[in-house]
Amino acid sequence: MARSPRRAGAPRLQLPLLCLLLQGATAILFAVFVRYNHETDAALWHWGNHSNLDNEFYFRYPSFQDVHVMVFVGFGFLMAFLQRYGFSSVGFTFLLAAFALQWSTLIQGFFHSLHGGYIHVSVNSMINADFCAGAVLISFGAILGKTGPAQLLLMTVLEVTLFGINEFVLLNLLRVKDTGGSMTIHTFGAYFGLVLSRVLYRPQLEKSKHRQGSVYHSDLFAMIGHTCEQTACFKEQLHCTPEGPQDERSSLRPSCHGGPMGSPPSPPGLAWEPHTGTIFLWIFWPSFNSAPTTLGDGQHRTALNTYYSLSASTLGTFAMSALVGERGRLDMVHIQNAALAGGVMVGTAGEMMLTPFGALAAGFLAGTVSTLGYKFFTPILEAKFKVQDTCGVHNLHGIPGVLGALLGVLVVGLATHEAYGEGLGSVFPLIAKGQRTAMSQAMYQLFGLFVTLMFASVGGALGGLLLKLPCLGSPADCQCYEDQVYWEVPGEHEDAAQGPLKAEEQDTQA
Amino acid sequence: MARSPRRAGAPRLQLPLLCLLLQGATAILFAVFVRYNHETDAALWHWGNHSNLDNEFYFRYPSFQDVHVMVFVGFGFLMAFLQRYGFSSVGFTFLLAAFALQWSTLIQGFFHSLHGGYIHVSVNSMINADFCAGAVLISFGAILGKTGPAQLLLMTVLEVTLFGINEFVLLNLLRVKDTGGSMTIHTFGAYFGLVLSRVLYRPQLEKSKHRQGSVYHSDLFAMIGHTCEQTACFKEQLHCTPEGPQDERSSLRPSCHGGPMGSPPSPPGLAWEPHTGTIFLWIFWPSFNSAPTTLGDGQHRTALNTYYSLSASTLGTFAMSALVGERGRLDMVHIQNAALAGGVMVGTAGEMMLTPFGALAAGFLAGTVSTLGYKFFTPILEAKFKVQDTCGVHNLHGIPGVLGALLGVLVVGLATHEAYGEGLGSVFPLIAKGQRTAMSQAMYQLFGLFVTLMFASVGGALGGLLLKLPCLGSPADCQCYEDQVYWEVPGEHEDAAQGPLKAEEQDTQA
Amino acid sequence: MARSPRRAGAPRLQLPLLCLLLQGATAILFAVFVRYNHETDAALWHWGNHSNLDNEFYFRYPSFQDVHVMVFVGFGFLMAFLQRYGFSSVGFTFLLAAFALQWSTLIQGFFHSLHGGYIHVSVNSMINADFCAGAVLISFGAILGKTGPAQLLLMTVLEVTLFGINEFVLLNLLRVKDTGGSMTIHTFGAYFGLVLSRVLYRPQLEKSKHRQGSVYHSDLFAMIGHTCEQTACFKEQLHCTPEGPQDERSSLRPSCHGGPMGSPPSPPGLAWEPHTGTIFLWIFWPSFNSAPTTLGDGQHRTALNTYYSLSASTLGTFAMSALVGERGRLDMVHIQNAALAGGVMVGTAGEMMLTPFGALAAGFLAGTVSTLGYKFFTPILEAKFKVQDTCGVHNLHGIPGVLGALLGVLVVGLATHEAYGEGLGSVFPLIAKGQRTAMSQAMYQLFGLFVTLMFASVGGALGGLLLKLPCLGSPADCQCYEDQVYWEVPGEHEDAAQGPLKAEEQDTQA
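Please read these numbers as outputs of a predicted model, since none were measured by experiment.

Criteria and cut-off values
Residues numbered from 1 in each chain as written. Chains lettered and ligands numbered in written order. Predicted model: local features only at pLDDT ≥ 70, side-chain atom pairs only at ≥ 80, totals over all residues. Heavy atoms only, no water. Helix = DSSP H or I, 4+ residues; strand = E, 2+ residues; numbered from the N terminus. Buried < 20%, exposed > 50% of the residue type's maximum accessible area, 1.4 Å probe, protein only. Contact = heavy atoms within 4.5 Å. Areas by Shrake-Rupley, 256 points an atom, 1.4 Å probe, with all protein chains shown as cover. Pairing = 2+ DSSP bridges. Polar contact = N/O pair within 3.5 Å; in protein donor to acceptor, adjacent residues only side chain to side chain. Axes fitted to C-alpha atoms, helices over the stretch in contact; angles between N-to-C directions. 1 Å grid on protein atoms, 1.4 Å probe; cavity = no way out; pocket = protein on both sides within 12 Å on 5 of 7 lines; lining within 4 Å. Points joined across faces, edges and corners; volume = space filled by probe spheres on them. Nonpolar A, V, L, I, M, F, W, Y, C, P; charged D, E, K, R; others polar. Salt bridge = Lys/Arg side-chain N within 4 Å of Asp/Glu carboxyl O. UniProt positions renumbered as here; feature names shortened; annotations may be inferred. pLDDT = per-residue confidence, 0-100. Phe/Tyr/Trp six-rings, centres within 6.5 Å; stacked < 30°, edge-to-face > 60°. Lys NZ or Arg CZ within 6 Å of the ring centre and 35° of its normal. Patch = residues over 30% accessible without salt bridge, like charges linked within 9 Å, V, L, I, M, F, W, Y side chains within 5 Å. Expected span 1.5 Å × (residues − 1). Left-handed = near helix turned anticlockwise from the far one by under 90°.

**Student:** Which residues make up the overall build of chain A, and what are the values?
**Tutor:** Counting secondary structure elements, chain A contains 22 helices and three strands. The buried share of chain A, reckoned over its 510 residues, is 69%. Taking all contacts inside chain A whose residues are at least 6 apart in sequence as the whole, residues at least 24 apart take part in 81%. When the accessible surface of chain A is summed, it comes to about 14700 Å², and 65% of that surface belongs to carbon and sulfur atoms.

Structure representation (structure tokens):
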């Protein structure tokens, strides 16, 4: 195999140089602007006469760690369902999240915690940076398999910036409540990614082809079958698009079309990774929603509401999946995704006096709607709206995020002094001070959703145009969902590619 | 493949309707009875003049999260050792636990925290609900592979109810100490499941057949061999029991008997899931036992004792496994199960002044006995007692649970004012107040074990009768340990089933 | 298969007896010396009039649990990259860590917390014991696949002892700062293991042969090919070295050489375990470095510095991996290892006023150097220095540990009263009291690194001589990286070994 599967114009130095550039720029900005805050600076902390007990670290750090697990294990493994794209799914998640948390420390710092010309960091900035990284990974889910790492890093630069602005507009200007991020994280991340995926639409990429290659719809059986049949295509594919514009060429080469997904699967063992992702997301979501709330009852209540909401969305998902499944059978894709919708659903209202019943009802609705979305809406999304949503983020984050924002509007609108007592000031300071009525706060919440959808859509469109820059070397259609373009994987090596054929000959002769 | 593998009488609507019914009933009961407690309600918390530091959330929530990981990752993945039952193992664990925690919030609330007609929830109710879900999953382990999801949901309704009653009798009436649940969780869960499994005994299910299909006793080698050999049986099996009573038919069809376990394995990658389950259970067990103890020294001491007990049970397990193994070799089944017995063993006594040495000795005993149980007692259990214990819960939870209860009797009997000092009141309030002697408290502990065994046995028997109701559509023998009955998996699809055969033809011709 | 693959002289009773002996000795020493401390003892805690809030459990236990996950999940799974050595990788990790934490409780207790003739234990001793277990696992990584469990247990006895002495010299005598263990854990563990591996050098073990069998460099494709080709060798190998000195015999038998690594892979599904290990180590490293620091700002700042350092080392690793990769492609081995170097790097300086920029710069340097080490230095290490470093611990722990120690020297040397204010006393008590200047403390730090390298080298050499004792039954060359020597795995059973051949015949005839 003499030729690189990489585009001639996409130099091998692109990713390293971009990493170095971004890391260098971030480091310089850190040197100039970022300082320890009064709880992390030795001099500042000991200057005041604090008890160690009062350090916010002890209130927030356990929740931060849970959020950190969700971002790096949960989102990464949830995406590892493509047989031949496992290295990229978890590897790029790692890269994007690691960069996003540095960049968002800067962006969020500029907008939220710039005091005396410096950004002051602490466990709170770590939580917020991880939240922003979560939004980036949601968008990544919509375009998974169709973009290279350099493109994704540039998308991250843009998205983190817009995330910070949108968050600033909502939380600081509109004074909207959204601690768990139904709007700022899930709605923003999902629609940014979906619009971006629309701009990058590839008409020649067969509809839902990637599903065929998912670990759900294949077993060892199928693997072996495909292996033998498609070895030829597999080898040929590595040479595809030797020069010239790839997108056009590849559409002319049917052998490339039939091949990529079914051919020799890279590392076995991916099958359970998505479930691992799901389970860790499900377990730690109460910490996600409660990590940045007010201390005391606020954090406690948010965790409780999220816990109930998730349990109900799980039952709703099982019910719907069996109801719409062939012969009443369950679909693991539904279980591994829609069961999480309950966490998204109470991102805004979880801090409020939603009541345990309200949490159950909201979660059940989210699980139900999300499952129906996977079954009925995803095909329409591609066929009618030309949005190729690889991971189904519209069903898991988009719709439940919007529903969660609307639930927030409802619960805010119903807020009374009676229900919140003296606690009204900590949840709704403006209402407690009489500057807003519950109804006007609810309207602000609704406007916040509208603003988020605007920012996400415009941002996603801009992102799409950015990623279409020819110099970024977008993968050709036949290179989509393929690890080999970016990773050293075994199948491509001369010896490995030859070995099995020899072995087969021996079998037949024996 | 035109016919459904499901029984004619087991309608596809059964699971959805049951989910909707149970979720609906739970939601209504939540609406009527469940309220935030004084630490989660905005008005109640802010009415009192609390410091946020005092909110129990900060003392319990990190432990709760560890328990939550154990229940959802640990128990679920520990059961994922059956090659063709992976989707069901982790999927049903998810479903049962999600429902059990809602239902046990109600049941435990009625018995333990009903004040003024309302159940008040907080992080404590979350911990207790997760504990109850753990007991349900232990029972599930005894009948894994032999029941459908609708049956399991009904078992959960019954078991959670009895769990709540048993717990009420022990903790509130007998005033027994059992914070880590050697009795209330492990003994109860294990014997409930074992008696239930006895009632559901299937004589035609070959002895330990499921072991043959475990991921431990197969490698890719074996898989491929079986695949080719058993494709016919596999396909045929999907058509088995087209109508009529399945249990009789299937026992007449030898091809169905030979086949199910060895034939084409569903998703690869299961092999390490049990180990992941084990490791997370092992790591977080100190949090499990210490989550609901008294604050301060009680929680600290329990974590320490459990940590030592587990480390000793690990060494005991390795020693025994190599001692009884063929040519001195280790058996991964022992390591992945018996090493955990140390955590079960100190469920009752962990809170007490067991001493670090006592924790080591107890753990070592538990690991040793549990390993010997896997080696020598499990075969007897099936052959003599007609109990088909799929996951070996008798060795991991049953025997160590009983031993843990007896250890509790011993340690309580040895309790002195000298050893506990002023702390006696927080561990043994009745002894501190002089209402009981250490010896009489020990007798109550022993009686608590007896009561638990009674509740578990009677409950398991009732559960078995309930699950035998014909309308529940129990899977036929040849459908046991098979994902395809309940899940959309690939092997069954026309194309996938045909593909490999075609590919083989090509190989041979090439 | 009539003959045992075990050496005639290595009796089946060796491992069980050693486990029993070590556990028995530890238990007796616990009985004599180990007692609850004032925070875990019921009488002592309630004697003082403490608030439960003050119990150190609530400050340290969440961090301890994260450390516990790192040691048992992170290190174990990170090593599970050898296809045929998965059971041993995770199983022996489990055994060694479980014993190491008991033994180090004793050793560290003797040196650090012996008061009135008793070792007093609490969450702090749990954290320190886990740290020591981490060092043992680092050394295990250097010799992975080449030693048996009895050898490893003896190595643990020796290494834990020397670890405790080295730690005592550094922290108590030299008064060096090293809370996250760049020196005491990483440098010590790495060079102990590397020198030990040098002493155990096996010239006939082909260079980097184990890499060929790693899960990265194989897919199902390759597996199947090898399977057919090497069945004969595989079977033969089980009989290899029936008597006589193994090392010489095996070098004469070419079939044994070609075979072990490529032949039938034991359990599939290992491929992602290393990534799981990496991700959990990466996520929880901030807890590792901050677990034993001073409370308040110290713990908070350490977590923050580690978080930034890791994110920069991730970008550095991606940049370098793509830069040195063939055609600009990434190597998963780099990503899964070098990205963690940032955590090692700030083990000493993380507690200090490193500044966020300093953390980024340090992490980036560590990731870069570690990646280059994997690419260019590992081959030299084996070829020139005759060190067979199975897991590349030199790149992940050795070099970054030394760099971290040097970074500590630098940051200590730059410490000023201005930067630390009143907090200087908690980070550098001797400087605050005027007993040392920043420069002299920096020199002590440098001397600490030198002492650590001495202890590690001499200890590793002693360990190597110990492990060469003939009675310990070292595995023959052809048994290296083979689970079957120590575990019951399927491929060896008569039926399983025959099955596939029969099946292949059927295929060909069909």
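Now that the structure has been shown, the text picks up again.
**Student:** Can you break down the pairing of strand S3 (residues 118-121) of chain B residue by residue, with the values?
**Tutor:** Residues and elements named next belong to chain B. Side chains Ile119 and Val121 of S3 all project onto a buried face; the interleaved residues Tyr118 and His120 project onto a face where none is buried. For strand S1 (residues 34-36) and S3, the ladder comprises three bridges, and the chain directions are parallel. Note that in S3 the partner of Tyr36 across the bridge is Val121. Taken together, the two bridges between strand S2 (residues 114-115) and S3 define a ladder with antiparallel strand orientation. Within the sheet, the bridge partner assigned to His115 lies in S3 and is Tyr118. Counting the residues in the hairpin turn of S2 and S3 gives two residues, including Gly116, whose phi is positive at 60 degrees.

**Student:** Let's hear about the side chain of Asn305 of chain B: which residues, and what values?
**Tutor:** Take Asn305 of chain B: it is sitting in helix H13 (residues 297-324). Here Asn305 of chain B falls in the buried class, since its relative accessible area comes to 0%. Among the polar contacts made by the side chain of Asn305 of chain B, one reaches the main-chain carbonyl oxygen of Gly350 of chain B at a distance of 2.7 Å. Excluding anything up to four places from it in sequence, Asn305 of chain B contacts Gly350, Met352, Leu354, Thr355 and Ala359 of chain B together with Tyr36 of chain C.

**Student:** Pulling in residues and values, what's your account of the sheet that holds strand S1 (residues 34-36) of chain A?
**Tutor:** All names here are of chain A. Ordered by their spatial adjacency, three strands build an open sheet running S1-S3-S2, and the pairing between neighbours is mixed. Of all the strands in the sheet, the pair left with one neighbour each is S1 and strand S2 (114-115). Docked against the sheet, helix H1 (residues 14-33) engages S1 and strand S3 (118-121), running at close to 55 degrees with respect to S1.

**Student:** Please give an account of the environment of Thr371 of chain C that cites residues and values.
**Tutor:** All names here are of chain C. Tracing the backbone through its elements, the reader meets Thr371 in helix H16 (residues 356-383). With relative accessibility at 0%, the residue Thr371 sits in the buried group. Separated by 50 residues in sequence, Thr371 and Ser321 have C-alpha atoms that sit 6.5 Å apart. Not counting chain neighbours up to four residues away, the residues in contact with Thr371 comprise Thr317, Met320, Ser321, His334 and Ala338.

**Student:** Lay out empty space enclosed by the protein with the relevant residues and their values.
**Tutor:** Its volume calculated, the largest cavity comes out at about 320 Å³. Lining the largest cavity are 22 residues, with Tyr58 of chain A, Tyr58 and Pro62 of chain B together with Tyr58 and Pro62 of chain C positioned closest to its centre. The set of elements that each furnish at least two residues to the lining of the largest cavity consists of helix H3 (57-78) of chain A, helix H3 (57-78) of chain B together with helix H3 (57-78) of chain C. The class makeup of the residues in the lining of the largest cavity is 18 nonpolar, four polar and no charged. The calculated volume of the second largest cavity comes to roughly 200 Å³. Residue lining of the second largest cavity: 18 residues in total, with Pro62 and Asp66 of chain A, Asp66 of chain B together with Pro62 and Asp66 of chain C positioned closest to the centre. The set of elements that each furnish at least two residues to the lining of the second largest cavity consists of H3 and helix H12 (273-290) of chain A, H3 and helix H12 (273-290) of chain B together with H3 and helix H12 (273-290) of chain C. Here the lining of the second largest cavity gets five residues from one element, more than from any other, and that element is H3 of chain A. A breakdown of the residues in the lining of the second largest cavity according to their chemical character gives twelve nonpolar, three polar and three charged.

**Student:** I'd like a description of the pattern of salt bridges, backed by residues and values.
**Tutor:** Applying the stated criterion across every chain, the model contains 15 salt bridges over all chains. A salt bridge links Arg301 of chain B to Asp297 of chain B, with the nearest nitrogen and oxygen atoms 2.9 Å apart. Within this pair, Arg301 of chain B and its partner Asp297 of chain B are both found in helix H13, separated by four residues, close to a single helical turn. Accessibility classification places Arg301 of chain B together with Asp297 of chain B in one group, the buried group. Glu326 of chain C is the partner of Arg327 of chain C in a salt bridge, and the nearest nitrogen-oxygen pair spans 3.3 Å. Among the residues examined, Glu326 of chain C registers a relative accessible area of 39% and is labelled partly exposed.

**Student:** I'd love a proper account of the UniProt feature "transmembrane region" (unreviewed entry) in chain A, names of residues and values included.
**Tutor:** Residue and element names in this part refer to chain A. As recorded in UniProt, the feature "transmembrane region" (unreviewed entry) lies at residues 63-82, 94-114, 126-145, 152-171, 183-201, 357-377, 397-416 and 446-467. With 90% helix and 5% strand, the stretch residues 94-114 has end C-alpha atoms that lie 28 Å from each other. As annotated, residues 446-467 has a helix share of 100% and a strand share of 0%, and its two end C-alpha atoms lie 31 Å apart.

**Student:** Outline the confidence of the model for chain A, supporting the account with residue identities and numerical values.
**Tutor:** Any region with low pLDDT has predicted coordinates that should not be read closely. Residues and elements named next belong to chain A. Looking at chain A as a whole, the pLDDT averages 82, with 81% of positions reaching at least 70. Predicted confidence is poor over residues 1-9, with pLDDT under 50, and the contacts of this stretch with residues over four places away or in other chains come to 27 contacts. Note that pLDDT drops below 50 for residues 216-270; the model gives that stretch 139 contacts with residues more than four away or on any other chain.

**Student:** So what's going on with the packing of aromatic side chains? Which residues, and what values?
**Tutor:** In this structure the tally under the stated criterion is 78 aromatic pairs over all chains. On the numbers, 5.4 Å between centres and 70 degrees between planes, the contact of Tyr420 of chain A with Phe428 of chain A is edge-to-face. Classification of Phe428 of chain A as buried rests on a relative accessible area of 1%. Members of the aromatic cluster, connected to one another through ring pairs, are Phe30, Phe57, Tyr58, Tyr61 and Phe64 of chain A together with Phe59, Tyr307 and Tyr308 of chain C. Between the NZ or CZ atom of Arg436 of chain B and the centre of the ring of Tyr444 of chain B, over which it lies, the distance is 3.5 Å.

**Student:** Give me a nonpolar patch on the surface: which residues, what numbers.
**Tutor:** All names here are of chain A. A contiguous nonpolar patch, built from Leu406, Met439, Met443 and Leu446 and spanning about 360 Å² of accessible area, is present on the exposed surface. A total of three residues in the nonpolar patch trace back to one element, the largest contributor, which is helix H21 (residues 438-467). Assignment of secondary structure puts Met439 in helix H21.

**Student:** Please give an account of helix H17 (residues 393-413) of chain B that cites residues and values.
**Tutor:** Taking 1.5 Å per residue as the helical rise, H17 of chain B with its 21 residues ought to reach 30 Å, and the 29 Å between its terminal C-alpha atoms agrees with that figure. Of all 21 residues in H17 of chain B, 16 are buried, a share of seventy percent or more.

**Student:** Describe the environment of Leu101 of chain A, listing the residues and the values that go with them.
**Tutor:** Along the polypeptide, Leu101 of chain A turns up in helix H4 (residues 86-112). Along the primary structure Leu101 of chain A and Val160 of chain A are separated by 59 residues, whereas in three dimensions their C-alpha atoms are 9.0 Å apart. Every residue in contact with Leu101 of chain A, bar those within four places of it in the chain, is listed here: His68, Phe72, Ala129 and Asp130 of chain A together with Trp282, Tyr307 and Ser311 of chain C.

**Student:** Lay out the sheet that holds S2 of chain B with the relevant residues and their values.
**Tutor:** Pairing is mixed in the open sheet, where three strands are placed in the order S1-S3-S2 (chain B). In this open sheet, the two edge strands, each paired with only one partner strand, are S1 and S2 of chain B.

**Student:** Let's hear about the environment of Phe318 of chain C: which residues, and what values?
**Tutor:** Position of Phe318 of chain C among the secondary structure elements: in helix H13 (residues 297-324). Through-space distance from the C-alpha of Phe318 of chain C to that of Ala338 of chain C is 9.2 Å; in sequence the pair is 20 residues apart. Beyond its immediate sequence surroundings of up to four residues, Phe318 of chain C is in contact with Cys19, Gly91, Phe94, Leu95 and Trp487 of chain A together with Leu330 and Ile335 of chain C.

**Student:** Outline the packing of H13 of chain C against H16 of chain C, supporting the account with residue identities and numerical values.
**Tutor:** Residues and elements named next belong to chain C. It is the contact of H13 with H16, at a shortest axis distance of 6 Å, that shows an interaxial angle of 35 degrees. For H13 against H16, the interelement crossing comes out right-handed. Residue-level inspection shows Asn305, Tyr308, Ser309, Ser311, Ala312, Ser313, Gly316, Thr317, Met320, Ser321 and Val324 of H13 in contact with H16, the latter providing Pro356, Ala359, Leu360, Ala362, Gly363, Phe364, Gly367, Thr368, Thr371, Leu372, Lys375 and Phe376. When grouped by side-chain class, the residues that make up the contact of H13 with H16 number eleven nonpolar, eleven polar and one charged.

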